[in-house]
Amino acid sequence: MGIRSISDYVQFFIDLDMGISVSFLSFVNNEKITLKHKLKNNEIKKEHVLDGLKILEELTSEIRLIGELNVLKKYSDFKR
């Protein structure tokens, strides 16, 4: 798994360039679902998946605390 920090997830989301059609919180929730499915795969190192889930939980908490736009601004040079 190449994403190892909140900043990596923010940059990944921005690089996807989905415009306003997908909210950042929705993206984070979908990523959590994807990683939870990957936990069922015995061939994947679970520690990397669990690290990703931890990062996504931190992101979710921060989004709820300060809002999507503020999180995007905090971890990137995002402008909207």
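Note that the structure is predicted; figures quoted are calculated from it, not measured.

(A) Inspection of helix α2 (residues 24–38) at higher detail. Its 15 residues give α2 an end-to-end C-alpha distance of 21 Å, which sits within 8% of 21 Å, the value for a rise of 1.5 Å per residue. Buried within α2 are the following residues: F24, F27, V28, E31, K32 and L35. An end-on view of α2 places all buried positions within 140° of arc, on one side of the element. Buried residues along α2 sit against α1 (6–16), α3 (46–66) and α4 (68–75).

(B) Region of interest: the environment of N70. Of note, N70 is situated in helix α4. A polar atom in the side chain of N70 sits 2.7 Å from the backbone oxygen of I66.

(C) Representation of the nonpolar core within the structure. Judged by nonpolar contacts, the single largest core of 17 residues is most densely connected at Y9, F24, F27, V28, L35, L56 and L59. Mapped by element, the contributors of at least two residues to this core are α1, α2, α3 and α4. Of all the elements, α3 adds the most residues to this core, at 6 residues.

(D) How the structure looks around the side chain of K32. On the secondary structure map, K32 appears in helix α2. Of the residues examined, K32 reaches a relative accessible area of 9% and is grouped as buried. Looking at K32, its side chain comes within polar contact range of the side chain of E57, at 3.4 Å. If we skip the residues at most four places from it in the chain, K32 touches L53, L56, E57 and T60.

Rules used throughout
- Residues numbered from 1 in each chain as written.
- Predicted model: local features only at pLDDT ≥ 70, side-chain atom pairs only at ≥ 80, totals over all residues.
- Heavy atoms only, no water.
- Helix = DSSP H or I, 4+ residues; strand = E, 2+ residues; numbered from the N terminus.
- Expected span 1.5 Å × (residues − 1).
- Buried < 20%, exposed > 50% of the residue type's maximum accessible area, 1.4 Å probe, protein only.
- Arc of directions from axis to C-beta.
- Contact = heavy atoms within 4.5 Å.
- Polar contact = N/O pair within 3.5 Å; in protein donor to acceptor, adjacent residues only side chain to side chain.
- Core = buried A, V, L, I, M, F, W, Y, C linked by side-chain atoms within 4.5 Å.

Keep in mind these values describe shape, not function.
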